[in-house]
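One-letter residues, chain by chain:
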Amino acid sequence: MGDWSALGKLLDKVQAYSTAGGKVWLSVLFIFRILVLGTAVESAWGDEQSAFKCNTLQPGCENVCYDKSFPISHVRFWVLQIIFVSMPTLLYLSHIVFLMHKEEKLNKKEEKLRDIQSKGEDVDVLLRKIEIKKFKYGLEDRGKIKMRGGIFYTYIMSIVLKSIFEVVFLLIQWHLYGFTLSAVYTCQKFPCPHKVDCFLSRPTEKTVFIIFMLVVSLVSLALNVFEFFYVILKRMKDQIRESAKNFESACNIKPCPRNLSSYGYYNDCSAPAPVPNLGYNLDTGDKSNSSDNYDKQANEQNWTNYSTEQNQLGQTQRFPYPEKVTLGKDLLLLKELEPRPSSRASSRARPDDLDI
Amino acid sequence: MADWSALVKLLNSVQAHSTAGGKAWLSVLFIFRILILGTAVESAWGDEQSFFKCNTQQPGCQNVCYDKSFPISHVRLWVLQIIFVSTPTLLFLAHVFYTMRKEEKDGQADDGNKNHQVSETRKVKMKGAIRYTYIVSIFCKSVLEVVFLVIQWYIYGFSLSAVYICERLPCPHQVDCFLSRPTEKTIFIIFMLVVALVSLLLNIIELLYVVYKWIMGRVKSIQNQSPTDQQFLVLIENQKDEQSRCKSSRQGRVAHVPSLSI
């Protein structure tokens, strides 16, 4: 068959940024689909039209009957399937390239800042801001990208799209041909003078390969589904672990109940209430930076604060935070250094983050 | 099909000097056009003449009818389309290399001890003549796409029927001629049409984007020439201030408790 190297090269680039499941999927694609297509399937279907014989002498009848029986040949169909199923992966790759581009820009800024720093200016704040931005995009020193925020959603989306395409193509194939080929087709179409019997070449061999490609598609689909759940579960685990860590570090002053939601936090736990946005940050640790999250949490935070205020007014009692002033001051200092609300407690790489 | 590697290699070297839109266009070209052409389309059209059957015994009638129905085969038309549509990009590449060589020579004139290695990855800034060439190349690409689509529409329309009626010497009378695989070919014709339209769209978007950037760049350059260190710091701080202002206005929604502050 033709030259699959262009697609191969692009997909190879994605390998470095995939999870293990993604790499397995790519290998399955290369070996069991592209290779088999180019070698075995091509030659099995090679004479599909020349050996398609109809029991008629009418010129043109064979042509139209072949056209009617096979609106699209299996080979071409599988080529389209492979290309469409690879497409979401390429979109994911383009997102990665976009992130790399951003990293380049940030690195350049950082370099320039360090230059300025070496001349004696104090640019610590700005340097930290760049560090935090890098962390936000999940950019690591070794040039890898951690799956968080935007790139995580792109990856999930690409897996979902891949699965959808697989299913769609399988349905189309089932609708057109079923998953077997019979040896005889009857056909009645102009200019055939009557119903004619037409005979395929190698129906059994073709059926074997149809079932083979079907099984490979199902395996790919299963891999996609498995990876989808794996990635989501891992991400949830990481989030829980991180928020537990932040929780613990914030609850050093006063022990907080373990099962507090972010809102109960404000009513019962320690200090950051007077610095609501910062405590908000610590508590909601690793949530993504989408504004939807903020709005939702903002909403609930408002309710909490409102009910707190009502309590205050009812009890004419000062809210019990003065004793936490020391911690509050430290946190305030932290707040000044870091832009909100995207700040994490620090931008160091956590080893238990979802790695790629 | 034959070997597309020469074109592919050349176009790959353009990748490094393209904008994001240009890279997307190139990827679409490689995967959805060249790859599909070389794999699926070639084999679908492989037997187009051997299976072109006319309802006649007259020698030569089949030949002339095939020739009349298909002045140029779709496959060859698409090959020409791909080559013509890639040509402006190659001209842009030539200009880029020419500029790189010139810059090297200028650099060499300035400092004889410089270590000159032609680095393919060194980017040439898109300004001045290079930018004009880029814009002209995108424009030409779009025009060529449209021209080929119009030609295809004029000759064949965008579908193939199963039967062609033909009357031409030496056919003794009007004959019915039958294609092979008209449905499959129609599917691929529509596919290639969609890809051409997508490429055209990408070209238009990129053209608008480059022109927009150009205008913005001119506006900015009027405001400040290359910033000094202090100006650079101020620039960054202002960026960050803006961001934190935006974010603190979002934060404002969180804390409706102005009285609660240390």
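Before any of the text, the structure's been laid out above.
Anyway, here's the lowdown on the structure attached to this text. Quick caveat: nothing in here was measured; it's all calculated off a predicted structure.

Rules used throughout
- Residues numbered from 1 in each chain as written.
- Chains lettered and ligands numbered in written order.
- Predicted model: local features only at pLDDT ≥ 70, side-chain atom pairs only at ≥ 80, totals over all residues.
- Heavy atoms only, no water.
- Helix = DSSP H or I, 4+ residues; strand = E, 2+ residues; numbered from the N terminus.
- Buried < 20%, exposed > 50% of the residue type's maximum accessible area, 1.4 Å probe, protein only.
- Contact = heavy atoms within 4.5 Å.
- Areas by Shrake-Rupley, 256 points an atom, 1.4 Å probe, with all protein chains shown as cover.
- Pairing = 2+ DSSP bridges.
- Salt bridge = Lys/Arg side-chain N within 4 Å of Asp/Glu carboxyl O.
- Disulfide = S-S within 2.5 Å.
- Axes fitted to C-alpha atoms, helices over the stretch in contact; angles between N-to-C directions.
- Parallel < 35°, antiparallel > 145°, perpendicular 65-115°, else oblique.
- Left-handed = near helix turned anticlockwise from the far one by under 90°.
- Nonpolar A, V, L, I, M, F, W, Y, C, P; charged D, E, K, R; others polar.
- Phe/Tyr/Trp six-rings, centres within 6.5 Å; stacked < 30°, edge-to-face > 60°.
- Lys NZ or Arg CZ within 6 Å of the ring centre and 35° of its normal.
- Core = buried A, V, L, I, M, F, W, Y, C linked by side-chain atoms within 4.5 Å.
- Patch = residues over 30% accessible without salt bridge, like charges linked within 9 Å, V, L, I, M, F, W, Y side chains within 5 Å.
- Lys, Arg positive; Asp, Glu negative; His and termini not counted.
- Charge placed at Lys NZ, Arg CZ, Asp CG, Glu CD.
- Expected span 1.5 Å × (residues − 1).
- Bend = angle between axes of the 7 residues up to and from the residue.

A word on the overall build of chain B. Of the regular secondary structure elements, chain B holds seven helices and three strands. In sequence order, chain B lays out its α and β elements as α-α-β-α-α-α-β-β-α-α. Taken across its 262 residues, chain B has 42% of its residues classed as buried. Sequence separation of at least 24 residues holds for 77% of the intrachain contacts in chain B that already meet a minimum separation of 6. Working note: accessible area of chain B is about 14,100 Å², and carbon and sulfur atoms make up 61% of it.

Let's shift gears to the sheet that holds strand 1 (residues 53–54) of chain A. Residue and element names in this part refer to chain A. Taken in spatial order, the three strands of this open sheet run 1-3-2, and their pairing is antiparallel. Every other strand in the sheet has two partners, leaving strand 1 and strand 2 (184–187) as the edge strands with one partner each. The pairing of strand 1 with strand 3 (residues 196–199) spans two bridges and is antiparallel. Paired with C54 across the bridge in strand 3 is C198.

Residues and elements named next belong to chain A. Counted under the stated rule, the structure contains 10 salt bridges over all chains. Of the charged contacts, one joins E48 and R76 as a salt bridge, the two residues approaching to 3.3 Å between their closest N and O atoms. Of this pair, E48 sits in the loop between helix 2 (20–44) and strand 1 while R76 is found in helix 4 (residues 74–118), placing the two residues 28 residues apart along the sequence. This pair shows no difference in class: E48 is buried, exactly as R76 is.

Disulfide: a covalent bond formed between the sulfur atoms of two cysteine residues. All names here are of chain B. Following the criterion strictly, the structure yields six disulfides over all chains and no others. Here C54 is linked by a disulfide to C177, with a sulfur-sulfur distance of 1.9 Å. With the S-S dihedral at roughly 105°, the linkage between C54 and C177 falls on the right-handed side. Placement of the pair is C54 in strand 1 (residues 53–54) and C177 in strand 3 (residues 175–178), with a sequence separation of 123 residues. When its relative accessible area of 3% is taken as the criterion, C54 is described as buried. Since its relative accessible area comes to 0%, C177 is described here as buried. Here C65 connects covalently by a disulfide to C166, the sulfurs 1.9 Å from one another.

Residue and element names in this part refer to chain B. Remark: helix 5 (residues 129–156) packs on helix 6 (residues 182–223), axes separated minimally by 10 Å, with the N-to-C direction vectors making an angle of 155°. Regarding the angle of helix 5 to helix 6, the classification is roughly antiparallel. Helix 6 is crossed by helix 5, and the crossing has left-handed handedness. Between helix 5 and helix 6, the contacting residues are R131, Y132, Y134, I135, I138, K141, S142, E145, V146, L149 and Q152 on the first element and I189, L193, A196, L197, S199, L200, N203, E206, L207, V210, V211 and W214 on the second. Counted by class, the contact of helix 5 with helix 6 contains 15 nonpolar, four polar and four charged residues.

A few words on the packing of aromatic side chains. The tally for this structure, following the rule as stated, stands at 26 aromatic pairs over all chains. Arranged with centres 5.5 Å apart and planes meeting at 80°, the rings of W45 of chain A and W78 of chain A form a pair that is edge-to-face. Taken together, the residues W45 of chain A in the loop between helix 2 and strand 1 and W78 of chain A in helix 4 connect sequence positions 33 residues apart. An angle of 85° between the planes, with centres 5.5 Å apart, marks the rings of Y132 of chain B and W214 of chain B as edge-to-face. Here W214 of chain B lies in helix 6 and Y132 of chain B lies in helix 5, a separation of 82 residues in the sequence. Taking relative accessible area as the criterion, W214 of chain B reaches 24% and is therefore assigned partly exposed. Grouped by ring-pair contacts, the aromatic residues F77, F84, F165 and F169 of chain A together with F32 and F191 of chain B constitute a single cluster. Over the ring of W25 of chain B we find K141 of chain B, and its NZ or CZ is 3.6 Å from the ring centre.

Position of Q81 of chain A relative to the elements: it lies in helix 4. If sequence neighbours within four positions are ignored, Q81 of chain A has contacts with R33, E166, F169 and S217 of chain A.

The biggest cluster of nonpolar side chains holds 102 residues, and the ones touching the most others in it are W4 and C65 of chain A together with I31, I36 and C65 of chain B. If near-sequence neighbours (up to four positions away) are discounted, C65 of chain A is found in contact with F52, C54, C187, C192, V196 and C198 of chain A. Formed by 10 residues, the second largest nonpolar core is a distinct cluster that contains V96, I130, Y134 and I135 of chain B.

What follows covers a positive patch on the surface. Together, K105 and K108 of chain A together with K213 and K220 of chain B make up a region of like positive charge exposed at the surface. Elements supplying a minimum of two residues to the positive patch: helix 4 of chain A together with helix 6 of chain B. Looking at where K220 of chain B falls in the secondary structure, it is placed in helix 6. Classification of K220 of chain B by relative accessible area gives exposed; the value is 56%.

As a further point, take helix 4 of chain A. With 45 residues, helix 4 of chain A ought to run about 66 Å at 1.5 Å a step, and its terminal C-alpha atoms sit 65 Å apart, in line with that. The principal kink in helix 4 of chain A, of about 30°, is found at M87 of chain A, preceding the proline P88 of chain A by one to four residues.

Another point: helix 3 (residues 61–69) of chain A. Residues three or four positions apart in an α-helix share a direction because the helix packs 3.6 residues into each turn. With respect to burial, helix 3 of chain A is a largely interior element, seven of its nine residues being buried. Of the residues making up helix 3 of chain A, those classed as buried are C61, N63, V64, C65, Y66, D67 and S69 of chain A.

With that settled, consider the sheet that holds strand 1 of chain B. All names here are of chain B. Taken in spatial order, the three strands of this open sheet run 1-3-2, and their pairing is antiparallel. The open sheet terminates on both sides in strands that have one partner only, identified here as strand 1 and strand 2 (163–166). Judged from the four bridges that link them, strand 2 and strand 3 form a sheet pairing that is antiparallel. Looking across to strand 3, one finds that V163 is bridged to F178.

This part covers the environment of V194 of chain B. Residue and element names in this part refer to chain B. Mapped onto the elements, V194 comes out in helix 6. On the basis of relative accessible area, V194 is assigned to the partly exposed category, the value being 43%. The spatial distance from the C-alpha of V194 to the C-alpha of G21 is 18 Å, given a sequence separation of 173 residues.

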